Every structure is written in C-alpha cells, then in structure tokens.
Amino acid sequence: MSVVSGNLKAGLPGLGQSDPEWFDGLVQTPNARIERILSHGQVTPQGQWYDQAEDEFVVLMQGAAQLQIEGESQPRQLVVGDWLLLPAHCRHRVVWTDPNQPSLWLALHLRT
C-alpha cells in the first residue's frame with residue numbers, strides 16, 4: 001500500500017438545512033472504514049435509530065451537535081474535539097446539529 005493523504009476540510013460541499021447529510025468514504029479495508037460526515041442542521045428522522053453491526057469511533061471536528069443514545073435520559077452535547085466510541089448495536093441518533101454552521105464528523109467503523 002502506498003501513502004495516501006488529504007485534508008479533512010478540503011472539497012466539502014455547500015450544504016443547506018434542506019439538503020441531506022453528506023457522507024464521504026475516505027478509507028476502506030476489510031476491517032475498518034473511515035468516513036467524514038457533514039451536517040448543517042440535519043438530524044436523524046424522528047423514530048429512527050442508527051444500529052450498526054460494527055463499533056464506531058466518532059469525533060466532532062467542527063460545529064456542534066447533540067447525540068441521543070438509547071437508554072440515556074438526555075442527549076449528549078458535543079463540541080469540537082469531543083469523541084465517542086459506540087459499540088456495535090449501540091442504538092443512537094443525532095437530535096441536533098448547529099443550523100448556523102456546518103458540523104464535520106470523522107467516523108471510524110471497526111469490524112471485530
């Protein structure tokens with residue numbers, strides 16, 4: 001494998017609140033997938049939950065967000081630099097992203 005590089009903030013689309021959240025796969029191997037996600041006021045639709053088969057490490061690189069984890073009474077407030085390790089099948093949803101600025105996430109999905 002050769003060295004690959006880039007900039008996490010390069011090539012981001014202009015995203016409005018009426019647009020869908022944007023996902024960009026950066027790296028994929030048999031055991032891991034790294035993607036960047038851009039939100040600008042988008043949330044997980046009411047009643048829907050992410051329930052992924054792999055562990056997910058996610059860090060908020062820009063913006064602000066609130067993430068609800070099933071079974072917790074209050075959403076977690078996330079600011080730049082905050083990260084979470086969500087084990088496989090940890091049901092969660094994004095309940096708020098800042099409508100006044102883009103929120104940039106970096107997500108690492110790990111297959112065990």
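Below is a summary of the structure that appears in this document. (Residues numbered from 1 in each chain as written. Predicted model: local features only at pLDDT ≥ 70, side-chain atom pairs only at ≥ 80, totals over all residues. Heavy atoms only, no water.)

1. Some remarks on the layout of surface pockets
- By volume, the largest pocket amounts to about 190 Å³.
- In terms of lining residues, the largest pocket is bounded by 14 residues, among which Ile 37, Tyr 50, Glu 56, His 92 and Val 94 are the most central.
- Those elements that place two or more of their residues in the lining of the largest pocket are β2 (32-39), β3 (55-62), β7 (92-97) and β8 (103-110). (1 Å grid on protein atoms, 1.4 Å probe; cavity = no way out; pocket = protein on both sides within 12 Å on 5 of 7 lines; lining within 4 Å. Points joined across faces, edges and corners; volume = space filled by probe spheres on them. Helix = DSSP H or I, 4+ residues; strand = E, 2+ residues; numbered from the N terminus.)

2. Structural notes on the sheet that holds strand β6 (residues 83-86)
- Overall, antiparallel pairing links the five strands, which are arranged β1-β2-β8-β3-β6 in an open sheet. Of all the strands in the sheet, just β1 (22-28) and β6 have a single pairing partner and so form its edges. In this sheet, neighbouring strand axes are inclined to one another by 20 degrees on average, regardless of whether the strands run parallel or antiparallel.
- Bridge count for β3 against β8 is seven bridges, and the pairing is antiparallel. Residue pairing across strands places Gln 62 opposite Leu 104, the latter belonging to β8. (Pairing = 2+ DSSP bridges. Axes fitted to C-alpha atoms, helices over the stretch in contact; angles between N-to-C directions.)

3. Let's talk about the nonpolar core
- Core analysis: the biggest nonpolar cluster contains 13 residues, and Val 58, Leu 60, Leu 67, Leu 78, Leu 84, Leu 86 and Trp 105 have the highest contact counts within it.
- Sorting the residues of this core by element identifies β3, β4 (64-69), β6 and β8 as the ones contributing at least two each.
- With three residues, the single largest contributor to this core is β4. (Core = buried A, V, L, I, M, F, W, Y, C linked by side-chain atoms within 4.5 Å. Buried < 20%, exposed > 50% of the residue type's maximum accessible area, 1.4 Å probe, protein only.)

4. Quick notes on the pattern of salt bridges
- Counted according to the given criterion, the structure contains five salt bridges.
- A salt bridge links Asp 24 to Arg 36, with the shortest nitrogen-to-oxygen separation between them at 2.7 Å. Pair noted here: Asp 24 is in strand β1 and Arg 36 is in strand β2, with a separation of twelve residues, a long-range link.
- Look at Arg 36 and you get buried, because its relative accessible area is 8%.
- Linking Glu 72 and Arg 76 is a salt bridge whose minimum nitrogen-to-oxygen distance equals 2.6 Å.
- A relative accessible area of 34% places Arg 76 in the partly exposed class.
- Among the ionic contacts, a cluster of salt bridges with common partners joins Arg 33, Glu 35 and Glu 54. (Salt bridge = Lys/Arg side-chain N within 4 Å of Asp/Glu carboxyl O.)

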